Amino acid sequence: MAEGQRQFRGMKPIALVPCAPLLSACVSEQSMLHPAGEDAEAVANLFWLMAAGTVVIWLIVMGVTVYAVLGKKRPKTERFADRFILIGGVAFPSITLAALLVFGLALLPDWVRAGTADLRVHVTAEQYWWRIAYEQPDGSLVQSANELHLPAGKTTEFVLTSTDVIHAFWIPSLGGKIDVIPGRTNLWRLKPTEPGVFRGVCTEFCGPSHALMAFPVVVHEPGDFDAWLASERQPASEPEGHDLFISSGCGACHAVRGTSAGGAVGSDLTHFASRRSMAAGTMPINADNLGTWLLDPARHKPDVRMPSYESLPQAERDALVSYLLDLK
């Protein structure tokens, strides 16, 4: 158990009493109260400290109220009133707020002084999906989309930008969030500490399908991550159905490395079938979901820019589904 968690362990049962109705809806894959990264752990500790402080202040206020209502009704001197106002209305709030400020400022990221990151990932937000590219030592990029893979115990620097409107990048279990702004590049660093599968989201309203702009985050052991990245770097084996993929216009928007499909408008589909979900975390990848997606993408994600393939014969849509499921 981390030092910070031991420090606040005794506070949690007290703080949970007033927060229980709210915490009952928390899910560990998207909760800063189940930290799996250094930044998220620091924020969780601050939450427990503030929750415990809230309980203490509430008890003090209730105690003063009970004393005022049920205490002996005798006149108070002017000196008592002055001291009460000075201590209760000035000194106590000032000391409390100053302590919270100091504790909060200590959580500000100091990664600017922390040296070089272990991994650099370029993330481009678009309505309503995420373009993800892993920077290699030679500066080249391994393109992917809508699913983020990270090594545990390593610091990752994210290079964040947007192509259209303001989005926000947030992985609650790993740390805080940052805005993703068109025309501007923001840098953000996170250090996962535990392997697992978590959930990232966009937290800046960006259009009708804002709530459908999520992405799974898979944190590997360092050796497993290296193996995954080496596999991701490989081109796709050209499965049967590629000619139909090209003739249907899919290759004009989507890239499949190792084939003639080199589109840059939509997501990279090189290893599409190896991902955990499709349509930016909206649905599991399977034949039924792919079939209904090709038939009418806007039904699943309003305002999506992908066209419908309703005009294609059913047999050709089925062939496209089979092709996509073979891209592993």
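Residues numbered from 1 in each chain as written. Predicted model: local features only at pLDDT ≥ 70, side-chain atom pairs only at ≥ 80, totals over all residues. Heavy atoms only, no water.

Take the environment of Gly 53 next. Relative to the assigned elements, Gly 53 resides in helix H3 (residues 38-70). Relative accessible area serves as the criterion here: at 26%, Gly 53 is assigned to the partly exposed category. Considering only alpha carbons, one finds Gly 53 and Thr 96, 43 residues apart in sequence, at a separation of 8.8 Å. (Helix = DSSP H or I, 4+ residues; strand = E, 2+ residues; numbered from the N terminus. Buried < 20%, exposed > 50% of the residue type's maximum accessible area, 1.4 Å probe, protein only.)

By the definition in use, this model includes seven salt bridges. A salt bridge links Glu 157 to Arg 120, with the nearest nitrogen and oxygen atoms 2.7 Å apart. Of this pair, Glu 157 sits in strand E5 (residues 156-162) while Arg 120 is found in strand E1 (residues 119-126), placing the two residues 37 residues apart along the sequence. A salt bridge links Arg 305 to Asp 164, with the nearest nitrogen and oxygen atoms 3.9 Å apart. (Salt bridge = Lys/Arg side-chain N within 4 Å of Asp/Glu carboxyl O.)

Bringing helix H7 (residues 287-295) into the picture now. Every buried residue of H7 is accounted for by Asn 289, Leu 290, Trp 293 and Leu 294. When H7 is viewed along its axis, its buried side chains cluster within an angular range of 130° and face the same direction. Buried residues along H7 sit against strand E11 (277-278), strand E12 (283-284), helix H8 (297-300) and helix H9 (314-325). Looking at where H7 begins, the residue whose side-chain oxygen comes 3.2 Å from the main-chain nitrogen of Asp 288 is Asn 286. (Arc of directions from axis to C-beta. Contact = heavy atoms within 4.5 Å. Polar contact = N/O pair within 3.5 Å; in protein donor to acceptor, adjacent residues only side chain to side chain.)

Attention now goes to a nonpolar patch on the surface. Together, Val 56, Ile 57, Trp 58, Leu 59, Ile 60, Val 61, Met 62, Val 64, Phe 80, Phe 84, Ile 85 and Phe 92 make up an exposed nonpolar region whose accessible area comes to about 1,100 Å². Breaking the nonpolar patch down by element, the ones donating at least two residues are H3 and helix H4 (78-105). Considering every element that reaches the nonpolar patch, the biggest residue donor is H3, with eight residues. In this structure, Val 56 sits in helix H3. Residue class for Val 56 comes out partly exposed when judged on its relative accessible area of 46%. (Patch = residues over 30% accessible without salt bridge, like charges linked within 9 Å, V, L, I, M, F, W, Y side chains within 5 Å. Areas by Shrake-Rupley, 256 points an atom, 1.4 Å probe, with all protein chains shown as cover.)

With that settled, consider the sheet that holds strand E9 (residues 196-202). Neighbouring strands of a sheet are bound in pairs by backbone hydrogen bonds; such pairs are parallel or else antiparallel. In space, the five strands of this open sheet follow the order E4-E10-E9-E6-E7, with mixed pairing throughout. Two strands lie at the open edges of the sheet, namely strand E4 (148-151) and strand E7 (177-180), each paired on one side alone. Strand-to-strand, the axes of this sheet are offset by a mean angle of 25°, without reference to chain direction. Note: E9 against strand E10 (residues 214-220), six bridges, orientation antiparallel. Residue pairing for E10: Val 197 is matched across the bridge by Val 218. Across the sheet, helix H5 (residues 222-233) touches E4 and E10, and the angle it forms with E4 is around 140°. (Pairing = 2+ DSSP bridges. Axes fitted to C-alpha atoms, helices over the stretch in contact; angles between N-to-C directions.)

The subject of this paragraph is the packing of H7 against H9. The interhelical angle for the contact between H7 and H9, taken along N-to-C directions, is 125°, at an axis separation of 10 Å. In terms of their interaxial angle, H7 and H9 are classed as oblique. Judged by the sense of rotation from one axis to the other, the crossing of H7 with H9 is right-handed. Of H9, the residues touching H7 (which contributes Ala 287, Leu 290, Gly 291, Leu 294 and Leu 295) are Arg 317, Leu 320, Val 321, Leu 324 and Leu 325. Residues that form the contact of H7 with H9 fall into these classes: eight nonpolar, one polar and one charged. (Parallel < 35°, antiparallel > 145°, perpendicular 65-115°, else oblique. Left-handed = near helix turned anticlockwise from the far one by under 90°. Nonpolar A, V, L, I, M, F, W, Y, C, P; charged D, E, K, R; others polar.)

Here we come to the packing of H3 against H4. It is the contact of H3 with H4, at a shortest axis distance of 11 Å, that shows an interaxial angle of 170°. In terms of their interaxial angle, H3 and H4 are classed as roughly antiparallel. Counted together, Leu 46, Leu 49, Met 50, Ile 57, Ile 60 and Val 64 of H3 and Phe 84, Phe 92, Thr 96, Leu 100 and Phe 103 of H4 form the full contact between these two elements. Residue composition of the contact of H3 with H4, by class: 10 nonpolar, one polar and no charged.

It is worth spelling out the environment of Pro 239 at this point. The topology assignment puts Pro 239 in the loop between H5 and helix H6 (242-247). Through-space distance from the C-alpha of Pro 239 to that of Leu 325 is 9.6 Å; in sequence the pair is 86 residues apart. Ignoring any residue separated from it by four or fewer positions in sequence, one finds Pro 239 in contact with Tyr 323, Asp 326 and Leu 327.

Here we come to the packing of aromatic side chains. With the rule as written, the count across this model stands at nine aromatic pairs. Measuring from centroid to centroid gives 5.9 Å for Trp 130 and Phe 169, while their planes differ by 70°, and the two rings are edge-to-face. Of the two residues, Trp 130 sits in strand E2 (residues 129-135) while Phe 169 sits in strand E6 (residues 167-170), which places them 39 residues apart along the sequence. An aromatic cluster of three or more residues is present, and its members are Trp 130, Phe 158, Phe 169 and Phe 215. When the ring centre of Trp 170 is taken as reference, the NZ or CZ atom of Lys 177 above it lies at 5.9 Å. (Phe/Tyr/Trp six-rings, centres within 6.5 Å; stacked < 30°, edge-to-face > 60°. Lys NZ or Arg CZ within 6 Å of the ring centre and 35° of its normal.)

The next thing to look at is the confidence of the model for the protein. In the predicted model, the protein carries a mean pLDDT of 86, and the fraction of residues at 70 or more is 89%. Ranking the elements of the protein by mean pLDDT puts helix H1 (residues 3-8) last, at 42, and E4 first, at 98. Taken as a whole, residues 1-17 scores under 50 in pLDDT and shows 23 contacts with residues more than four places along the chain or in a different chain. (pLDDT = per-residue confidence, 0-100.)

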